[in-house]
Each structure stands twice: as C-alpha cells, then as structure tokens.
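# A look at the structure
This is what each chain is made of:
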Amino acid sequence: MQKFWKKCVGLSLMLWAGLPGMLFAAGEKATAVVIVADTRNLKGLMGWWGNLYNESHLLFTLLTVVLIPLIGVIFGLLADVIMQRIGIDLKSRELAEH
Amino acid sequence: MEWLYVHMPIAGVEIFWPGLIILGIGVGIIGGFFGMGGAWMVTPGLNILGFPMAFAIGTDIAHMAGKSLIATMRHGKFGNVDYKLGMIMLVGTIVGFEVGAQMIMWLERLGNVEIVVRYLYLVLLTFIAWMVFHDVSTRRKKQQAALAAGQEVDKLATGIEWHKTFHKITIPPMVHFKTAGIYCSAWLPIFVSFFTGWLAGILGIGGGLIRMPALIYLVGCPTHVAVGTDLFEVMISGLYGAATYTFKGRTELVAAIIMLVGAAIGAQVGTVATKYIKGYGIRIAFGIAVIGCALSIVLKLLAKGIPEFKLWFDGSATVLILGLVFALSLYIFIQMIKGVKKELAAKKALVSGH
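Residues numbered from 1 in each chain as written. Chains lettered and ligands numbered in written order. Predicted model: local features only at pLDDT ≥ 70, side-chain atom pairs only at ≥ 80, totals over all residues.

Right, let's talk about the overall build of chain A for a bit. A tally of regular secondary structure across chain A gives three helices and zero strands. For chain A, the sequential pattern of α-helices and β-strands runs α-α-α. A burial count over chain A gives 22% of its 98 residues as buried. (Helix = DSSP H or I, 4+ residues; strand = E, 2+ residues; numbered from the N terminus. Buried ≥ 20, exposed ≤ 12 C-beta atoms within 10 Å, placed from the backbone.)

All right, on to the interface of chain A and chain B then. The parts lose accessible area when they come together, and the size of an interface is often stated as this lost area. Between chain A and chain B, the contact holds 48 residues from the first and 66 residues from the second. Sorting the residues of the side of chain A that touches chain B by element identifies α1 (2-24), α2 (44-55) and α3 (57-86) of chain A as the ones contributing at least two each. A total of 16 residues in the side of chain A that touches chain B trace back to one element, the largest contributor, which is α3 of chain A. Looking at the side of chain A that touches chain B residue by residue, the classes come out as 31 nonpolar, eleven polar and six charged. (Contact = placed C-beta atoms within 7 Å. Nonpolar A, V, L, I, M, F, W, Y, C, P; charged D, E, K, R; others polar.)

Another aspect to go through is the nonpolar core. All names here are of chain B. Ranked by size, the top nonpolar core spans 124 residues in total, and within it Ala65, Met212, Ala242 and Val290 carry the most contacts. When residues in this core are grouped by element, the largest group, 16 residues, is from helix α10 (residues 253-276). If we ignore the near neighbours within four places in the chain, the residues touching Val290 are Leu125, Ile128, Ala129, Val132 and Leu209. (Core = buried A, V, L, I, M, F, W, Y, C linked by C-beta atoms within 7 Å.)

Backbone torsion omega between Pro172 of chain B and Pro173 of chain B reads 0 degrees, so that peptide bond is classified as cis. Summarising the element assignment, Pro173 of chain B is placed in the loop between α6 (162-167) and β3 (174-177).

It is worth spelling out the packing of helix α11 (residues 279-305) of chain B against helix α12 (residues 310-353) of chain B at this point. Residues and elements named next belong to chain B. Look at α11 against α12: their axes get within 8 Å of each other, and the N-to-C directions meet at 170 degrees. Between α11 and α12, the interaxial angle falls into the category roughly antiparallel. Residue-level inspection shows Ala285, Ala289, Gly292, Leu295, Ser296, Leu299, Lys300, Leu302 and Ala303 of α11 in contact with α12, the latter providing Lys310, Phe313, Asp314, Ser316, Ala317, Leu320, Ile321, Leu324, Leu328 and Tyr331. Looking at side-chain class alone, the contact of α11 with α12 contains 13 nonpolar, three polar and three charged residues. (Axes fitted to C-alpha atoms, helices over the stretch in contact; angles between N-to-C directions. Parallel < 35°, antiparallel > 145°, perpendicular 65-115°, else oblique.)

The structure is reproduced here in structure tokens:
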C-alpha cells in the first residue's frame, strides 16, 4: 500500500512539474506584466467578475476551473438529450477501418 | 448592431460574439473528430476577432478543456477511450516533453534555433501526411489484391502495419489494453509517448497532431480508439492549462464560455460523426488537415524570409487555416447528417417490418 501511495505522490509531482511547460509551449510566451481589469464602467455580474479578477487571482482561478468543466458537462448532457430525442443511438458504434 | 458585440470584462475589448460561437463550432467539430486540441486553428481565429495575444492562448486552453471533456465523455460512452493506455501515455508524454523543452532551451543558448524548429516541424508534418496517404494507398492495393483473389479484407485490416513489428517486443511487463485490443510490452506506449512528447517539447506544440497518428501507426490502436484516447490526454492537460493560465490572469472566461456554447455542439457533432465514418475516412481527413497545417507553416516561413510580403503571407496563412476549419467541419457535419438519416431510416424500417 505504501508503495502505491509513493507512486501516486510521485506521479502527481511529475504532473505538477511537467504540465505547465507543456502547455506554455503551445503558444507564444506571455510577458511578465500585471494586467488589471478596468471595472469602472462594468455593472452587475460583469462588474463582480472583473473585480474578482483584480482582487484575487486564486479565487478567480478556482471559480474558472470549476465553471469550465461544469458548463462543459451541462452543455454535453443537453446535447445528449437533444440527440437522443432525434433518435441517434449514443451508446454503440461499429469499430471498422473501412 | 451593438447587440452583436459583447464586452470582455478582463481584456477590456468588444468582441463579435457570433464569431466566437462559429469558431467554437468549427474547432469543436474538428477536435471531437480528430482527437486534438487544435490550438493552431483557434489562436489565429481569436486574433482576427480582436483578442489581445496575451488572452488568446489562455482563453483557447480554457475552452479546449471544456470541449475535450464533452468529447471524451461521448467517446467514452462509445467505447473509444482506453483509459489505461491514456494514463500510461500521459506519464511518457510529460517526461518526454520536459526533456524536449530543456533540450530546446539548451540549443537556444547556442544560437537561434527558431527557424530550425519550424523546418523540423515542416519535415515532421510532411512525414505524417506521407505516412497517412501511403497507408491509404497500401490498404487499397491490399483490398484490390484480395478482391482479385475472391477474398474479403478484414474490417480492421490496415495498410501500414509497423505496429505488428513493435508488438513482437516482449520486454516485461506485458500489458493488455482491452479497449484498444492490444497486447504489448508496457514499454511500447511509454517509449512512443516519450518520443511524441519529446517532439512536441522541441517544436513547442500541444502534441495532439503527432500523438494521434503515433497511436495508430506505432502503438496499433484502431482509429476511433486513437481519437478517443488522445482526447482523454488533451482533456487532462487542458484542465491543468486552464488553471495555470487563469492564475496568471490570462483567461477571459466570458469568451471561453461563449466559445464553449459552440464547441459543445461542435464536439458532439464531431464525436458522433466518427460513428458514421469508417477509420480510413478519419485518416484521410486528418491527412488533409496535416497538409493544411504544413502549408500554413510554409507561408509563415515565407513571411519571415521575404519581409516585404510579410503581411500578405501572414494573412494568407490565417485565411488558409480558417478556410480549412470551415471546409473540414462542413464535410464532417454533412457526413454526420447523412449517417443520422441512414440510421433513422434503418430504425424506421425495422419498426415497420415488425
């Protein structure tokens, strides 16, 4: 069991160390400038979102990381319902190369 | 026409939101169909819509995470994702990527390697395109020979069979990947993912464009499983990327959500289309996408080599990529509609037959 946990910790550390480089390399390098959202003319939800960005990048990140998969799952399930209504079989497919 | 523009609270720019949805649909279809993130297609599109470069990459990755999640869920239900293979390959990819990235930094200290990297990328894409079309022609020849002999070719038969040679390696531990239907040494996917990760690290790309054909030709995955398993990797790296980019303040969630509306539809269309298109249909379309990507790099190299025409070459590269996104997604969409119609007609016939 100890070996298993060691492996898990090792893998997590490797993921933590390796993935950022991999993703940053996908595009141009971002310059180290601090960007501040101009919230003077923003109201309501947009204003709150802009202020959250300015006040805490950590909270902003946590919300983004939760919202993106959540919205993805909601849209995915919605599309499932529509496709099932159309009558498409969404559970099986024939594995054929030609 | 003000209602067609939405204010981005972080980037502070007005963006034409229908453009974001259309872009999302296009790259969603292509991503779900080929099993890749497709950053090389999204970033020029976001730039055209007026997105500052600092936000384009982060926003792209954030929407990619959601889109890949939707597509992986669907591919998973179809039985196209080999999670065991995906996890093993993820480790190899990360280690390989780090080695590649470190190597390129070391080479950079020796001199300017940017142009060399672009040429290497071009050579690699040319090789992938050759591999795909050589495979297609070999399989056709096999089929013709079998037909001439009065035989039928197996449904899963392929043209290039390099993987069969690799499967002969019996260095322990031997692993059975049930979904992919492969029994091989665990070192094969580890080495292949290390190699593709290393190439991605050197070239500075996400890697889906290399990993998908590697899963087919080197590991021996059926095309559909290669697409699904690659998307699983894209999903994990995308989620992590969304976190890191957002923490650095480079993600515009409003734009990512708008794109996700389109990408959710697109990813479902692309994924469901794989149900109606046989493996070789996917391979040929993928080969065309690779040629398009290679041509856009040629144009970018020309823009660097002939600065007087830089604007023209850069513009042509963007038009080429966006045209390719439009043409491929339209083709996939039409194929899906045809497939759905056929399936519904068959169901109807079955019901009326009873």
